[in-house]
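# Residue-level structural notes
Chain by chain, the residues run as shown.
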Amino acid sequence: MEPKLADYKTDVHNDWCPGCGDFGIVNAIQMALTEMKIPRHMSAIFSGIGCSGKTSHFVNVFGVHTLHGRVLPFAQGAKLANPNLTIIAAGGDGDGLGIGAGHFVAAGRRNVDMTYIIFNNAVYGLTKGQASPTLRLGQKTKSLPNPNVNEAVNPIGLAIASGFTFVGRGYAYDVRQLKDLIIAAVKHKGLAFLDVLQPCPTYNDINTRDWFAGLDNVDEITQKPKPRIYKLEETGYDPIVHYGSESEVNEKLTQGLIKSNEWDIKIPTGIFYQNELVAPYEERIADRVPNYLENSPATQPISSDGKSITEISKILDSFEV
Amino acid sequence: MQSKDITWVIGGPQGSGVESAANIFARACAMTGLQIFGKREFYSNIKGEHSYFAVRVSDKNIRSNVKGITLLVAFDAETLFRHVDDVCDDGAIICDSDLISIKVDEVPTLDTLFKSRLIEHLSSKNKELSVRGLLEICKERDITIHLVSFKNILAALAEELQNPSIRNMFRMLNVLAVSISLGFLGLSSKPLLDSVEAIFHTKPKIAELNKQAANYGYNFATVKFPKFKYSISDIQKKSNTFLVQGYQAAGLGKMACGCRFQSYYPITPASDESVFLESNEVFDVKNNRPGSTLVVQTEDEISAIGMAIGSALTGTRSATSTSGPGFSLMAEAMGWAGINEVPIVVTLYQRSGPSTGLPTRHGQDDLMFAIHAGHGDFPKIVYASGDVEETFYDAAKCFNFAEHFQLPVIHILDKFLASTITTCKRFDPDLITIDRGKLLEKIEEDGYKRFSLTEDGISPRSKLGLENGIFWNTGDESDEFGHISEDPINRVQMMDKRASKLELALNTITKEDQAISFGIAEFCVLSWGSTKGPILDAIDMLKKEGLNVGFIQLKLLHPFPTDRIKSLLKDTKIIIDVEANQAAQLGSLLNEHLDKKVDYYILKYTGRPMTSTEIYESLKKILQTKAEKIQVLTYGA
């Protein structure tokens, strides 16, 4: 039977604030899973802590709501134990780029074949609006006592520098594009990162839906707002590493970094960088352990009638005197 | 016939091959049927600081080190400065003749505290502040001293083998030191050569060269040195004898019982086990294709436990291995595993804390921390092994506990156990049973509830990837499906469900697996972990004098086996707590759970393991009612 969108929805009450960008992301995830026809039991959503952390409860696949900042370790452990699973990790910007930043960088180095989505709204929503690592220096969102004293981290740039092999950005109010980006990320062979701009209607009164739409920046001639969000693919931008020569890789990395720095007036979305010529972690293991992928830790038999079937007598022999 | 029981100590700068020398020595002796108990001591350093190996050899069953050195071998001055005082009056020293004139001030690695004690010692005897001065004291104590020019031996060996490069092969000193020692101790030369062969078997050229050196050194000693009072000789070797270290036992146990995922972050003394597992990552499986363990080195210990939990959710037997500082970072995730009823095993190799503490030294400082790691109330099991052989079987039991009760299990070991090299009976994987508890392989119907409320508190367990078995996990309190719930009634049901597993564990885990009784007496020692061997040997020493002391080894530390211990202690009057920490952590558990209070404490927290001699002396004082309530042990360099 063809899977339907409804199959991927749970009946758990969604308690996000009205107008929250998170709704668009969870819808896009459900749509992407439906469109890819991924069997529900072969997919798992791992999530961190914060509003975004609740995502796993709203999708009717395995859902693992982990600890603050730790979504990537949990998700990677599951994927490496059972490489047949489709795994999407979801978390907030504070979760992934503040408390979890070390895991973000280390995950890039591993390039495990899974997808990581950051719900980026520049504030810690669930703790009432403190500045997150992506809030710009000097900005004072409404619950901050003083303007933000830290520079913002650049998630796209950090992902590129850390070794993520698919780096993209979506916008929570463009669900169709976001769904397509999630499908591309899941299909990507290696670790994919999606930075999703997700206005927090309650605590971020600067990077609002209207701000992204450019309502504050009206064209003098046409009198129309100049939207900040634009799509890279509409500009002829080619993010893909096709051949893997050093000069090509350097060019694509640099191009992605330069694009990642665009902000105030124009904000690019789409795929910034993609390189499938880098072996995922699973392949690196399979080079050493030939049957790792088809006989993974999760699928190996370990006992028969309550007795061990692991044959270690040769190793034991080496300890005999 | 007098029992043959000697302690051989070799020391030298870290990185100079002391460990391989000790391995050759231990293996050669073990090959003749003698029993071995060896410990390694080293600084937190890569090259240059003093490290040493103390190998006890006996024709009787031994489970500990003792005070005193029978034969000390040194090719650096520091080894002499640090250990000469421990050489027995009728013992011997073999050292490089070039060391004689080295002064205390010329050894930069002697720390100021030790140096000032050494200078005070030499000055009080009016001796020169040098190796010469120190050896004069030895002569006055009738210690046999053999000065050997290792340089000349290397030159002579180069000459004999017509290989001039040997002159500068200083690593060869190790095999020379071992062969000279064994020649002096009177062991036959065959096991020596067999041991060298076994240790270098992957490098035939090096093996050959080392065998030639061994032969030379052995003959040198038998020709040059008069017979030594203490000799060792071949006895009937039992078949199926192992020479193995604790971390290897833990690793082998994990392999045998089906642990297929281990994540870790490098830390002393735990990483050896993970490296061992990775070195043996592919293995045969009966009637199946080859199996493998995936060992993942993570970016920190938070990630290590996170990955192990993620892996465990797929139905894989999963573990992580760490020491105190790393375990501190794992505390939050312990609670997550607890509330989500995830079976994981954390192998905790304790070392001396707090903080970085004595990073390469022994300690049993983390019992209370292991029991209480993580905020909030959730069930876990803390299980301690007492010796290397037990560690193999216990590693497997810990996975059974984890899966049967669906909770995190801490297998608590320590640096002493990890680095002990000992002879023991070959491990038998057929003695291992595998209990996967309520792990489901198939679910026919919809509506699965991961945390369904059941009679025994344990819910049938699905795994990621299982059809019809979809579940949710959350660190929040959850309902039976695993969705967040702040309902007060549900909260109580879920808290009680999880907590009930502790009672179930106490009713399910066998009495023998909870605590082992080695005899009950009016005076009874209670202890846990690696103190087992030294305690048993001490009790044997007392027995020879007609003194009787009982011993109960606690293995299950949490939940505390109150009933089991109470019933064992029925006829005991005096309780003696022995452990390697300052706060007497087991002691406080005993005082909390038992009606009787601890009468005496024998504690050690120098970072060095207890010798059986120290425990023997302390117990004797207690039996003679001459002991203070707390005796603190300090022996060992």
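Below: a short report on this structure. (Residues numbered from 1 in each chain as written. Chains lettered and ligands numbered in written order. Predicted model: local features only at pLDDT ≥ 70, side-chain atom pairs only at ≥ 80, totals over all residues. Heavy atoms only, no water.)

### A short note on the overall build of chain B
Note the following rule: Secondary structure elements are taken from DSSP: a helix is a run of H or I of four residues or more, a strand is a run of E of two residues or more, and numbering for both begins at the N terminus. Throughout, the radius of gyration refers to the C-alpha atoms, and the reference size of a globule is 2.2 Å times the residue count to the power 0.38. Here the open area of atoms and residues is found with the Shrake-Rupley method and a 1.4 Å probe, where only the protein chains shown may cover a residue.
Scanning chain B from N- to C-terminus turns up 21 helices and 24 strands. A globule of 637 residues ought to have a C-alpha radius of gyration of about 26 Å, and chain B, at 27 Å, matches this closely. In terms of overall dimensions, chain B has C-alpha extents of about 85 × 60 × 45 Å along its principal axes. Per element, the accessible surface of chain B, about 23800 Å² overall, is 51% carbon and sulfur.

### Some remarks on the packing of aromatic side chains
Note the cut-off: Two rings from Phe, Tyr or Trp (for Trp, the six-membered ring) form a pair when their centres are within 6.5 Å of each other. A pair whose planes differ by under 30 degrees is stacked, one over 60 is edge-to-face, and the rest are tilted. Categorising residues by exposure relies on relative accessible area from a 1.4 Å probe, with only protein chains included: less than 20% of the type maximum marks a residue as buried, more than 50% marks it as exposed, and the intermediate range marks it as partly exposed.
Considering all chains together, one arrives at 31 aromatic pairs over all chains under this definition. Centre to centre, the rings of Tyr 171 of chain A and Phe 212 of chain A are 5.2 Å apart; their planes meet at 55°, and the pair counts as tilted. Separated by 41 residues along the polypeptide, Tyr 171 of chain A in strand β7 (residues 166-171) and Phe 212 of chain A in helix α8 (residues 209-212) bring together distant segments of the chain. Accessibility assignment for this pair places Tyr 171 of chain A and Phe 212 of chain A in one class, buried. With 4.5 Å between their ring centres and 15° between their planes, Phe 184 of chain B and Phe 228 of chain B make a pair best called stacked. Of this pair, Phe 184 of chain B sits in helix α6 (residues 172-185) while Phe 228 of chain B sits in the loop between α8 (204-224) and β7 (241-245); the two residues are 44 residues apart in sequence, bridging distant segments of the chain.

### Details of unusual backbone geometry
That bond from Gly 353 of chain B to Pro 354 of chain B is cis: its omega, -5°, falls within 30 degrees of zero. You can see Pro 354 of chain B is positioned in the loop between β13 (345-350) and α13 (367-372). Even without being glycine, Lys 128 of chain A reaches a positive phi, approximately 80°. Looking at the element boundaries, Lys 128 of chain A is found in the loop between β5 (123-124) and β6 (130-131). With a phi close to 65°, Asp 142 of chain B is a non-glycine residue in the positive phi region. Relative to the assigned elements, Asp 142 of chain B resides in the loop between α4 (131-140) and β6 (144-148).

### Re the packing of helix α3 (residues 71-81) of chain A against helix α11 (residues 301-312) of chain B
Applied cut-off: Helix axes use the C-alpha atoms of the stretch in contact, all axes being lines fitted to C-alpha atoms, and the angles between their N-to-C directions lie in the range 0 to 180 degrees. With respect to orientation, any angle under 35 degrees is reported as roughly parallel, any angle over 145 as roughly antiparallel, any angle of 65 to 115 as roughly perpendicular, and every other angle as oblique. Handedness of a crossing follows from how the near helix is turned relative to the far one, being left-handed for an anticlockwise turn of less than a right angle and right-handed for a clockwise one. Whether two residues are in contact is decided by their heavy atoms, any of which lying within 4.5 Å being enough.
At a minimum axis separation of 6 Å, α3 of chain A and α11 of chain B run at an interaxial angle of 45°. In terms of orientation, α3 of chain A lies oblique with respect to α11 of chain B. Pair α3 of chain A / α11 of chain B crosses with right-handed handedness. Across the interface between the two elements, Pro 73, Phe 74, Gln 76, Gly 77, Ala 78 and Ala 81 of chain A from α3 of chain A touch Ser 303, Gly 306, Met 307, Ile 309, Gly 310 and Ser 311 of chain B from α11 of chain B.

### What to know about the sheet that holds β7 of chain B
Residue and element names in this part refer to chain B. What counts here: Strand pairing is assigned whenever DSSP detects at least two bridges linking the two strands.
One open sheet accounts for eight strands, arranged β6-β5-β4-β1-β3-β2-β16-β7; its pairing is mixed. In this open sheet, the two strands that pair with only one neighbour each are β6 and β7. When strand polarity is set aside, the average angle formed by the axes of neighbouring strands in this sheet is 20°. Note: strand β2 (residues 35-41) against strand β3 (residues 50-58), seven bridges, orientation antiparallel. By the bridge assignment, Gly 38 is partnered in β3 with Val 55.

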